Amino acid sequence: MGDDTRRGDPMGAFEDLGTFGLYSFEFEQLPAARIRESVQELEEQGWRSFWFPEVGGREAFSLASLILSSTERIRAVNAIAQIWARDARSARGGGALLADAYPGRHVLGLGYGGQRRPGVKPLAAMREYLDAMDAPDAPGAETPIRRVLAAYGPKMLELSRDRAAGAHTYHVTVAHTVQARETLGPVAFLGVEHPVLFESDATEARAIAREHLHPYLNTPFNVEKFRRLGYTEDEITHGADRLVDDLVFWGDLDTIVKKLRDHVDAGADHVTVQVIGTAPGESMPHWRRLAEALL
(Lines give C-alpha, C1' and ligand atoms only; values in the text may rest on other atoms or scores of the structure.)
Protein backbone atom coordinates (compact mmCIF):
# COMPACT_ATOMS: atom_id res chain seq x y z
CA MET A 1 0.00 0.00 0.00
CA GLY A 2 1.24 3.48 -0.83
CA ASP A 3 1.38 6.26 1.73
CA ASP A 4 -1.29 8.16 -0.20
CA THR A 5 -4.10 6.44 1.72
CA ARG A 6 -2.72 7.17 5.18
CA ARG A 7 -3.73 10.09 7.35
CA GLY A 8 -0.18 11.32 7.65
CA ASP A 9 0.03 12.15 3.95
CA PRO A 10 -0.74 15.79 2.96
CA MET A 11 -3.83 14.55 1.12
CA GLY A 12 -4.76 12.24 3.98
CA ALA A 13 -5.65 14.90 6.56
CA PHE A 14 -9.39 15.13 7.20
CA GLU A 15 -9.66 18.39 9.09
CA ASP A 16 -11.08 19.96 5.93
CA LEU A 17 -14.29 17.96 6.40
CA GLY A 18 -15.12 19.88 9.55
CA THR A 19 -16.38 18.31 12.77
CA PHE A 20 -19.89 17.83 11.37
CA GLY A 21 -21.21 16.97 7.92
CA LEU A 22 -24.40 15.76 6.29
CA TYR A 23 -25.40 12.27 5.17
CA SER A 24 -28.41 11.66 2.94
CA PHE A 25 -30.09 9.16 0.62
CA GLU A 26 -32.05 11.98 -1.01
CA PHE A 27 -29.73 12.55 -3.94
CA GLU A 28 -30.34 8.95 -5.03
CA GLN A 29 -33.84 10.02 -6.04
CA LEU A 30 -33.76 13.70 -6.96
CA PRO A 31 -33.20 14.92 -10.55
CA ALA A 32 -29.85 16.47 -11.38
CA ALA A 33 -31.15 20.05 -11.30
CA ARG A 34 -32.48 19.62 -7.76
CA ILE A 35 -29.24 18.00 -6.63
CA ARG A 36 -27.30 20.93 -8.06
CA GLU A 37 -29.51 23.51 -6.35
CA SER A 38 -29.51 21.64 -3.04
CA VAL A 39 -25.80 21.08 -2.75
CA GLN A 40 -25.10 24.70 -3.70
CA GLU A 41 -27.41 25.84 -0.91
CA LEU A 42 -25.69 23.49 1.54
CA GLU A 43 -22.35 25.01 0.59
CA GLU A 44 -23.77 28.50 1.22
CA GLN A 45 -24.97 27.32 4.65
CA GLY A 46 -21.40 26.42 5.52
CA TRP A 47 -21.45 22.64 5.24
CA ARG A 48 -18.01 21.35 4.31
CA SER A 49 -18.85 17.74 3.52
CA PHE A 50 -21.72 15.75 2.07
CA TRP A 51 -21.84 11.95 2.48
CA PHE A 52 -24.03 9.72 0.33
CA PRO A 53 -24.59 5.99 -0.25
CA GLU A 54 -24.85 3.83 -3.34
CA VAL A 55 -28.04 1.81 -2.97
CA GLY A 56 -30.80 3.22 -5.15
CA GLY A 57 -29.30 2.92 -8.61
CA ARG A 58 -27.23 6.10 -8.78
CA GLU A 59 -23.63 5.17 -9.60
CA ALA A 60 -21.27 6.31 -6.85
CA PHE A 61 -18.60 8.09 -8.90
CA SER A 62 -21.12 9.78 -11.23
CA LEU A 63 -22.99 11.25 -8.27
CA ALA A 64 -19.75 12.38 -6.65
CA SER A 65 -18.78 14.10 -9.89
CA LEU A 66 -22.12 15.91 -10.12
CA ILE A 67 -21.83 17.17 -6.54
CA LEU A 68 -18.24 18.32 -7.02
CA SER A 69 -18.86 19.98 -10.38
CA SER A 70 -21.84 21.88 -8.94
CA THR A 71 -19.88 23.40 -6.05
CA GLU A 72 -16.58 25.11 -5.28
CA ARG A 73 -15.63 23.98 -1.77
CA ILE A 74 -17.82 21.18 -0.43
CA ARG A 75 -16.28 17.71 -0.04
CA ALA A 76 -18.10 14.73 -1.55
CA VAL A 77 -17.75 11.47 0.36
CA ASN A 78 -18.85 8.10 -0.98
CA ALA A 79 -20.37 6.30 1.97
CA ILE A 80 -20.21 3.86 0.56
CA ALA A 81 -19.16 2.90 -2.93
CA GLN A 82 -20.03 -0.80 -3.06
CA ILE A 83 -17.11 -3.06 -3.84
CA TRP A 84 -19.25 -5.48 -5.86
CA ALA A 85 -20.62 -2.67 -8.03
CA ARG A 86 -17.29 -2.29 -9.88
CA ASP A 87 -13.94 -4.02 -9.95
CA ALA A 88 -11.06 -2.66 -7.93
CA ARG A 89 -9.15 -1.28 -10.91
CA SER A 90 -12.19 0.76 -11.97
CA ALA A 91 -12.58 2.06 -8.42
CA ARG A 92 -8.94 3.09 -8.34
CA GLY A 93 -9.20 4.78 -11.72
CA GLY A 94 -12.40 6.59 -10.77
CA GLY A 95 -10.98 7.78 -7.46
CA ALA A 96 -7.79 8.96 -9.12
CA LEU A 97 -9.70 10.92 -11.75
CA LEU A 98 -11.82 12.71 -9.13
CA ALA A 99 -8.71 13.43 -7.05
CA ASP A 100 -7.05 14.95 -10.11
CA ALA A 101 -10.11 16.93 -11.22
CA TYR A 102 -11.10 18.17 -7.74
CA PRO A 103 -7.94 18.19 -5.58
CA GLY A 104 -8.67 17.47 -1.93
CA ARG A 105 -12.45 17.44 -2.36
CA HIS A 106 -13.27 13.75 -2.75
CA VAL A 107 -13.10 10.92 -0.21
CA LEU A 108 -13.61 7.39 -1.47
CA GLY A 109 -15.49 5.35 1.10
CA LEU A 110 -15.53 1.65 0.29
CA GLY A 111 -17.77 -1.01 1.77
CA TYR A 112 -18.93 -4.57 1.40
CA GLY A 113 -22.02 -3.87 -0.67
CA GLY A 114 -23.70 -4.66 -3.95
CA GLN A 115 -24.35 -8.15 -5.26
CA ARG A 116 -23.22 -10.70 -2.66
CA ARG A 117 -20.90 -13.59 -3.46
CA PRO A 118 -21.92 -16.74 -1.55
CA GLY A 119 -19.20 -18.08 0.66
CA VAL A 120 -17.04 -14.95 0.48
CA LYS A 121 -16.20 -13.39 3.84
CA PRO A 122 -16.35 -9.55 3.97
CA LEU A 123 -12.90 -9.16 5.49
CA ALA A 124 -11.23 -11.40 2.92
CA ALA A 125 -13.15 -9.75 0.08
CA MET A 126 -12.13 -6.27 1.19
CA ARG A 127 -8.50 -7.24 1.62
CA GLU A 128 -8.41 -8.75 -1.86
CA TYR A 129 -10.11 -5.65 -3.29
CA LEU A 130 -7.55 -3.35 -1.68
CA ASP A 131 -4.71 -5.49 -2.97
CA ALA A 132 -6.03 -5.05 -6.51
CA MET A 133 -6.54 -1.30 -6.03
CA ASP A 134 -3.00 -0.88 -4.77
CA ALA A 135 -1.31 -2.88 -7.53
CA PRO A 136 1.50 -0.90 -9.17
CA ASP A 137 -0.15 -1.18 -12.57
CA ALA A 138 -3.63 -0.09 -11.40
CA PRO A 139 -5.11 2.91 -13.27
CA GLY A 140 -4.11 6.17 -11.62
CA ALA A 141 -1.67 4.41 -9.29
CA GLU A 142 0.51 7.53 -9.28
CA THR A 143 -2.33 9.79 -8.05
CA PRO A 144 -2.91 10.05 -4.28
CA ILE A 145 -6.50 9.36 -3.20
CA ARG A 146 -8.20 9.56 0.18
CA ARG A 147 -9.77 6.26 1.18
CA VAL A 148 -11.78 5.07 4.18
CA LEU A 149 -13.53 1.76 4.80
CA ALA A 150 -16.97 1.04 6.19
CA ALA A 151 -16.25 -0.89 9.38
CA TYR A 152 -18.08 -2.17 12.46
CA GLY A 153 -16.19 -5.14 13.91
CA PRO A 154 -12.65 -5.04 15.29
CA LYS A 155 -11.02 -6.87 12.37
CA MET A 156 -12.48 -4.56 9.71
CA LEU A 157 -11.56 -1.57 11.86
CA GLU A 158 -8.00 -2.87 12.02
CA LEU A 159 -7.98 -3.22 8.23
CA SER A 160 -9.25 0.38 7.98
CA ARG A 161 -6.38 1.50 10.17
CA ASP A 162 -3.75 -0.49 8.30
CA ARG A 163 -4.89 -0.25 4.67
CA ALA A 164 -6.81 3.03 4.51
CA ALA A 165 -6.86 6.43 6.17
CA GLY A 166 -9.43 5.18 8.67
CA ALA A 167 -13.03 4.08 9.08
CA HIS A 168 -16.59 5.17 8.44
CA THR A 169 -19.24 3.73 10.78
CA TYR A 170 -22.98 3.69 10.18
CA HIS A 171 -25.88 3.36 12.63
CA VAL A 172 -23.74 2.91 15.71
CA THR A 173 -23.92 4.02 19.32
CA VAL A 174 -21.64 6.32 21.26
CA ALA A 175 -20.31 3.21 23.02
CA HIS A 176 -19.30 1.81 19.63
CA THR A 177 -17.44 5.04 18.85
CA VAL A 178 -15.41 4.58 22.03
CA GLN A 179 -14.55 1.01 21.00
CA ALA A 180 -13.77 2.01 17.42
CA ARG A 181 -11.35 4.71 18.56
CA GLU A 182 -9.57 2.22 20.82
CA THR A 183 -9.14 -0.17 17.88
CA LEU A 184 -8.10 2.49 15.37
CA GLY A 185 -5.65 4.16 17.70
CA PRO A 186 -5.06 7.90 17.95
CA VAL A 187 -4.06 8.65 14.34
CA ALA A 188 -6.52 6.95 11.97
CA PHE A 189 -9.61 8.90 10.90
CA LEU A 190 -12.98 7.96 12.41
CA GLY A 191 -16.11 9.27 10.70
CA VAL A 192 -19.41 8.41 12.37
CA GLU A 193 -22.86 8.62 10.76
CA HIS A 194 -25.87 9.12 13.04
CA PRO A 195 -29.57 9.56 12.18
CA VAL A 196 -31.62 12.31 13.80
CA LEU A 197 -35.33 12.96 13.94
CA PHE A 198 -36.98 16.29 14.75
CA GLU A 199 -39.88 14.88 16.74
CA SER A 200 -40.38 15.40 20.48
CA ASP A 201 -43.29 13.03 21.09
CA ALA A 202 -41.69 9.79 22.30
CA THR A 203 -44.32 7.45 20.88
CA GLU A 204 -44.30 9.08 17.46
CA ALA A 205 -40.53 9.44 17.37
CA ARG A 206 -39.89 5.81 18.23
CA ALA A 207 -42.45 4.60 15.70
CA ILE A 208 -40.71 6.54 12.91
CA ALA A 209 -37.30 5.46 14.14
CA ARG A 210 -38.31 1.77 14.24
CA GLU A 211 -39.56 1.96 10.67
CA HIS A 212 -36.27 3.49 9.59
CA LEU A 213 -34.23 0.91 11.53
CA HIS A 214 -36.22 -2.15 10.44
CA PRO A 215 -33.84 -3.22 7.62
CA TYR A 216 -30.82 -2.85 9.89
CA LEU A 217 -32.39 -4.90 12.68
CA ASN A 218 -32.88 -7.76 10.25
CA THR A 219 -29.56 -8.07 8.42
CA PRO A 220 -26.84 -10.40 9.75
CA PHE A 221 -23.90 -7.99 9.89
CA ASN A 222 -25.92 -5.31 11.67
CA VAL A 223 -27.48 -7.79 14.09
CA GLU A 224 -24.02 -9.06 15.00
CA LYS A 225 -22.89 -5.47 15.55
CA PHE A 226 -25.74 -4.87 18.00
CA ARG A 227 -25.02 -8.13 19.82
CA ARG A 228 -21.42 -7.10 20.34
CA LEU A 229 -22.67 -3.84 21.84
CA GLY A 230 -24.62 -5.78 24.47
CA TYR A 231 -28.20 -5.64 23.21
CA THR A 232 -30.26 -8.76 23.76
CA GLU A 233 -31.90 -10.83 21.04
CA ASP A 234 -35.29 -9.59 22.24
CA GLU A 235 -34.20 -5.94 22.10
CA ILE A 236 -32.91 -6.39 18.55
CA THR A 237 -35.90 -8.41 17.33
CA HIS A 238 -38.48 -5.99 18.68
CA GLY A 239 -36.57 -2.72 18.40
CA ALA A 240 -36.60 -1.99 22.11
CA ASP A 241 -36.77 1.62 23.27
CA ARG A 242 -33.22 1.49 24.60
CA LEU A 243 -31.81 0.37 21.25
CA VAL A 244 -33.95 2.78 19.23
CA ASP A 245 -33.01 5.75 21.42
CA ASP A 246 -29.32 4.92 21.15
CA LEU A 247 -29.41 4.58 17.35
CA VAL A 248 -31.68 7.53 16.47
CA PHE A 249 -31.31 10.84 18.28
CA TRP A 250 -34.76 12.44 18.44
CA GLY A 251 -36.26 15.48 20.12
CA ASP A 252 -35.69 19.22 19.83
CA LEU A 253 -32.62 20.82 18.27
CA ASP A 254 -30.73 21.33 21.54
CA THR A 255 -31.25 17.70 22.59
CA ILE A 256 -30.11 16.37 19.22
CA VAL A 257 -27.04 18.63 19.06
CA LYS A 258 -25.92 17.62 22.56
CA LYS A 259 -26.16 13.92 21.71
CA LEU A 260 -24.29 14.37 18.43
CA ARG A 261 -21.44 16.03 20.29
CA ASP A 262 -21.18 12.93 22.49
CA HIS A 263 -19.69 11.09 19.50
CA VAL A 264 -16.96 13.73 19.23
CA ASP A 265 -16.24 13.42 22.95
CA ALA A 266 -16.08 9.64 22.46
CA GLY A 267 -13.34 9.88 19.83
CA ALA A 268 -14.96 10.64 16.47
CA ASP A 269 -13.04 13.02 14.22
CA HIS A 270 -16.15 13.76 12.20
CA VAL A 271 -19.88 13.15 12.66
CA THR A 272 -22.11 13.05 9.60
CA VAL A 273 -25.77 13.64 10.38
CA GLN A 274 -28.63 11.89 8.59
CA VAL A 275 -32.05 13.54 8.96
CA ILE A 276 -34.85 10.96 8.83
CA GLY A 277 -38.63 11.28 8.85
CA THR A 278 -38.81 13.55 5.80
CA ALA A 279 -39.74 12.88 2.19
CA PRO A 280 -37.02 13.17 -0.49
CA GLY A 281 -36.28 16.82 -1.15
CA GLU A 282 -37.82 18.07 2.11
CA SER A 283 -34.86 17.96 4.50
CA MET A 284 -33.45 21.40 3.67
CA PRO A 285 -35.13 23.28 6.55
CA HIS A 286 -33.67 20.77 9.02
CA TRP A 287 -30.23 20.92 7.37
CA ARG A 288 -30.37 24.69 7.75
CA ARG A 289 -31.24 24.45 11.47
CA LEU A 290 -28.43 21.98 12.02
CA ALA A 291 -25.98 24.24 10.21
CA GLU A 292 -26.85 27.14 12.49
CA ALA A 293 -26.33 24.97 15.56
CA LEU A 294 -23.30 22.90 14.58
CA LEU A 295 -21.12 24.86 12.18
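The preceding data block contains the structure.
To start, this report covers the structure provided alongside it. Since this is a predicted model, take the numbers as computed values, not measurements. (Residues numbered from 1 in each chain as written. Predicted model: local features only at pLDDT ≥ 70, side-chain atom pairs only at ≥ 80, totals over all residues. Heavy atoms only, no water.)

**Some details on the packing of helix H1 (residues 32-45) against helix H2 (residues 60-69)**
The following threshold applies: All axes are obtained by fitting lines to C-alpha atoms, using only the stretch in contact for helices, and the reported angles, taken between N-to-C directions, cover 0 to 180 degrees. Going along the chain from the N terminus, every DSSP run of H or I of four or more residues is numbered as a helix, and every run of E of two or more is numbered as a strand. Under this scheme an angle from 65 to 115 degrees is roughly perpendicular, one under 35 degrees roughly parallel, and one over 145 degrees roughly antiparallel; angles in between are oblique. Less than a right angle of anticlockwise turn of the near helix away from the far helix marks a crossing as left-handed, whereas a clockwise turn marks it as right-handed. Here, residues are in contact when the closest pair of their heavy atoms is within 4.5 Å. Gly is placed with the polar residues, together with every amino acid not listed as nonpolar (Ala, Val, Leu, Ile, Met, Phe, Trp, Tyr, Cys and Pro) or charged (Asp, Glu, Lys and Arg).
Taken N-terminus to C-terminus, the directions of H1 and H2 make an angle of 50°; their axes are 9 Å apart at the nearest point. Of the possible angle classes, the one that applies to H1 and H2 is oblique. The interaxial crossing formed by H1 with H2 has right-handed handedness. The segment H1 lies against H2, with Ala32, Ile35, Arg36 and Val39 engaging Leu63, Leu66 and Ile67. When grouped by side-chain class, the residues that make up the contact of H1 with H2 number six nonpolar, no polar and one charged.

**A short note on helix H3 (residues 88-101)**
Each α-helix winds once per 3.6 residues, and so residues spaced three or four apart point in a common direction. The criterion, for reference: By definition here, a helix of n residues has an expected span of 1.5 Å times n minus one. Three exposure classes are used, based on accessible area relative to the maximum for each residue type with a 1.4 Å probe and protein chains only: buried under 20%, partly exposed in between, and exposed over 50%.
When the terminal C-alpha atoms of H3 are compared, their 20 Å separation across 14 residues agrees well with the 20 Å that a helix rising 1.5 Å per residue should span. For H3, every residue scored as buried is listed here: Ala88, Ala91, Arg92, Gly94, Gly95, Ala96, Leu98 and Ala99.

**Things to note about the pairing of strand E5 (residues 106-111)**
For clarity, the cut-off: Only when DSSP finds a minimum of two bridges between them are two strands counted as paired. Orienting the strands away from the viewer, one traces the path from the first strand over the helix to the second; a clockwise path indicates a right-handed crossover.
Most of E5 is tucked away: six of the six residues are buried. Neither face of E5 is exposed, since His106, Leu108 and Leu110 on one face and Val107, Gly109 and Gly111 on the opposite face are all buried. In this sheet, E5 lies alongside strand E3 (residues 75-78) in parallel orientation, the contact comprising two bridges. Looking across to E5, one finds that Val77 is bridged to Val107. Here strand E4 (residues 81-82) pairs with E5 via two bridges, running parallel. In the sheet register, Gln82 faces E5, and the bridge partner there is Gly111. Handedness of the β-α-β unit built from E4, H3 and E5 comes out right-handed.

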